[in-house]
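Here is how the chains run, residue by residue.
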Amino acid sequence: MSIVTVKGLRKEYPSFRLNDVSFELEKGRITGFAGRNGSGKTTTIKSMLNLIHPNAGEITYFGIPLIGNEAQIKQRISYSTGTVSWYPRKKLRDIVSVTKRFYPNWDDSAYQSYRKLFALEENKTPLELSEGMKVKFNLLLALSHRSQILILDEPTSGLDPFSRDELLDIFTGLRDKGVSVFFSTHIISDLEKCADDIIYISAGTIRAAMSVRSFQDSFSLSGETLEQTVLRLEKEART
Amino acid sequence: MKNILKKELTLSASVLSYLFIAFGLLFLVPGYPILCGVFFVTLGIFQSFQSAREANDVVFSALLPVAKKDIVKGKFLFSCFIELCAMLLMTGVTAVRMTLLKDAAVYKSNALMNANPFALGVAFFIFGLFNLLFIGGFFRTAYRFARPFVTHIIAAFLVIGAGETLHHIPGLESLNAFGFEHFSLQLLLLALGILSYLFLTALSYRGACRSFERIDL
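Attention here is on the structure that accompanies the text. (Residues numbered from 1 in each chain as written. Chains lettered and ligands numbered in written order. Predicted model: local features only at pLDDT ≥ 70, side-chain atom pairs only at ≥ 80, totals over all residues. Heavy atoms only, no water.)

**Overview of the overall build of chain B**
Working step 1: Of the regular secondary structure elements, chain B holds nine helices and zero strands.
Working step 2: The helix and strand sequence of chain B, counted from the amino end, reads α-α-α-α-α-α-α-α-α.
Working step 3: Against the 2.2 N^0.38 benchmark of 17 Å for 217 residues, chain B shows a C-alpha radius of gyration of 18 Å, consistent with a compact globule.
Working step 4: Over its C-alpha atoms, taken along the principal directions, chain B stretches across nearly 55 × 30 × 25 Å.
Working step 5: Looking at the 217 residues of chain B, the share that counts as buried comes to 52%.
Working step 6: Pairs at least 24 residues apart make up 79% of the contacts formed inside chain B by residues separated by at least 6 positions.
Working step 7: When the accessible area of chain B is evaluated, it comes to approximately 9400 Å², of which 72% is carbon and sulfur surface.
Working step 8: Of the charged side chains in chain B, 17 are positive and 11 negative, and the gap between their average positions amounts to 7 Å. (Helix = DSSP H or I, 4+ residues; strand = E, 2+ residues; numbered from the N terminus. Rg over C-alpha atoms; globule rule 2.2 N^0.38 Å. Buried < 20%, exposed > 50% of the residue type's maximum accessible area, 1.4 Å probe, protein only. Contact = heavy atoms within 4.5 Å. Areas by Shrake-Rupley, 256 points an atom, 1.4 Å probe, with all protein chains shown as cover. Lys, Arg positive; Asp, Glu negative; His and termini not counted. Charge placed at Lys NZ, Arg CZ, Asp CG, Glu CD.)

What follows is the structure in structure tokens.
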């Protein structure tokens with residue numbers, strides 16, 4: 001069942017254009033949003049969160065248009081970005097205590113269990129965290145309010161291999177609970193580990209949006225890994 | 001609304017915004033252009049906008065389950081809260097100066113503006129200008145605040161200059177009257193000041209909501 005629909009998304013900048021981006025996200029599936037730096041992943045995600053205004057296109061969650069229903073929809077989705085530091089000089093405890101007030105569905109037991117898993121100390125400030133720990137703190141906020149869709153922009157960048165592995169396991173656990181996970185990455189091996197579907201974007205255009213298996217059936221040469229396939233496609237697109 | 005104000009007060013605000021409320025006490029200082037205290041209070045609020053920008057506050061807020069206009073509302077609520085706290089302090093100080101200290105020689109020979117309801121009305125007007133020029137200007141981009149603040153500085157000091165000058169013009173001495181002789185006139189001017197504050201703030205809020213809705217974060 002499709003719970004997110006992105007249709008005909010177009011955003012023009014002086015030096016970059018997002019061209020007619022369309023895809024759907026299914027309930028209880030992990031979708032990897034793959035593409036090189038500057039391919040349009042973050043622009044797409046920002047549009048999906050109404051942080052930027054597309055020149056054209058429509059985005060719906062749970063069949064409801066994002067525009068005009070933003071507050072209601074954001075109760076049911078989570079977003080986390082890489083290493084952006086919110087309120088660098090405030091204690092994590094204070095940031096959390098303010099944030100949780102906005103979410104009637106805030107799950108304190110999930111918060112505590114993820115906090116322990118990520119080894120985050122509440123008395124620290126984001127300024128005292130390493131880049132990887134900042135990613136984990138952003139994820140902690142995103143994971144603690146029982147959202148039905150997790151939208152993550154480069155969540156694994158900056159994480160050590162052990163933490164990345166843990167995170168991908170968390171994605172799998174969430175999927176099993178019916179949560180949809182949509183994460184952008186340029187680390188294709190992350191997709192190989194856990195993604196059900198892949199959306200591949202190159203130079204602002206969606207080149208493929210399908211299951212990982214269909215993608216490999218359609219594009220991979222014999223013996224090629226997913227990473228090798230994407231690298232080859234990207235090279236071909238640039239020549 | 002309560003949640004977004006709580007966020008402003010605890011996460012976004014700089015401690016200087018709270019400390020600078022104390023500049024309302026300048027209304028007690030004789031031989032000093034007391035309306036500068038109002039400007040210093042706005043300088044304190046400016047510090048919160050500066051620290052909030054460094055903390056990525058606007059984007060953080062935009063990701064919360066609130067409408068965009070609620071983010072604007074949060075900033076206005078916070079600023080009005082600080083302004084009204086300062087007004088409360090200045091009103092108390094003015095009352096003390098006009099009653100308990102009414103016979104103090106330093107106030108009777110004060111060459112500059114006296115603390116009276118007219119001065120409070122001008123203070124409201126300056127806060128209204130701040131809300132219009134600075135906060136409204138800030139929300140055109142949600143990150144640039146130098147130009148809006150410089151505009152506010154110019155406007156605020158023009159008003160302070162006018163406030164200090166008016167009572168020297170023949171026929172307008174009553175604006176600066178010390179005591180209760182022209183109290184009803186001064187109360188009327190205070191009411192005008194409050195009305196201008198409400199009007200300028202509402203005007204700025206509506207414009208800021210429109211601008212903020214349009215910009216990309």
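**A short note on the packing of aromatic side chains**
Working step 1: Tallied over the entire structure, the rule returns 30 aromatic pairs over all chains.
Working step 2: Ring centres 6.5 Å apart and planes at 40° place the aromatic pair A:Tyr61 and A:Phe62 in the tilted group.
Working step 3: Given the relative accessible area of 0%, A:Tyr61 is considered buried.
Working step 4: Lying across the ring of A:Phe62, A:Arg76 places its NZ or CZ 3.7 Å from the centre.
Working step 5: Across from the ring centre of B:Phe49, 5.7 Å away, lies the NZ or CZ of B:Lys75, which sits over that ring. (Phe/Tyr/Trp six-rings, centres within 6.5 Å; stacked < 30°, edge-to-face > 60°. Lys NZ or Arg CZ within 6 Å of the ring centre and 35° of its normal.)

**Here we look at the environment of B:Phe39**
All names here are of chain B.
Working step 1: Inspection of the secondary structure assignment puts Phe 39 in helix α3 (residues 36–54).
Working step 2: On the basis of relative accessibility, which here comes to 7%, the residue Phe 39 falls in the buried class.
Working step 3: Separated by 36 residues in sequence, Phe 39 and Asn 3 have C-alpha atoms that sit 28 Å apart.

**Comments concerning the packing of α3(B) against helix α7 (residues 117–138) of chain B**
Residue and element names in this part refer to chain B.
Working step 1: Two elements in contact, α3 and α7, have axes separated by 10 Å at closest approach and are oriented at 25°. Put simply, α3 runs roughly parallel to α7. In this structure, α3 crosses over α7, and the sense of that crossing is right-handed. Contact residues: Val 38, Val 41, Thr 42, Ile 45, Phe 46 and Phe 49 in α3; Ala 123, Ile 126, Phe 127, Phe 130, Phe 134, Ile 135 and Phe 138 in α7.
Working step 2: Within the contact of α3 with α7, the residues separate by chemical class into 12 nonpolar, one polar and no charged. (Axes fitted to C-alpha atoms, helices over the stretch in contact; angles between N-to-C directions. Parallel < 35°, antiparallel > 145°, perpendicular 65-115°, else oblique. Left-handed = near helix turned anticlockwise from the far one by under 90°. Nonpolar A, V, L, I, M, F, W, Y, C, P; charged D, E, K, R; others polar.)

**Points about a nonpolar patch on the surface**
All names here are of chain B.
Working step 1: There is a patch of nonpolar side chains on the surface, built from Leu 28, Val 96, Leu 100 and Leu 101 and spanning about 330 Å² of accessible area.
Working step 2: Within the fold, Leu 101 resides in the loop between α5 (68–98) and α6 (105–108).
Working step 3: Given a relative accessible area of 31%, Leu 101 falls into the partly exposed group. (Patch = residues over 30% accessible without salt bridge, like charges linked within 9 Å, V, L, I, M, F, W, Y side chains within 5 Å. Salt bridge = Lys/Arg side-chain N within 4 Å of Asp/Glu carboxyl O.)

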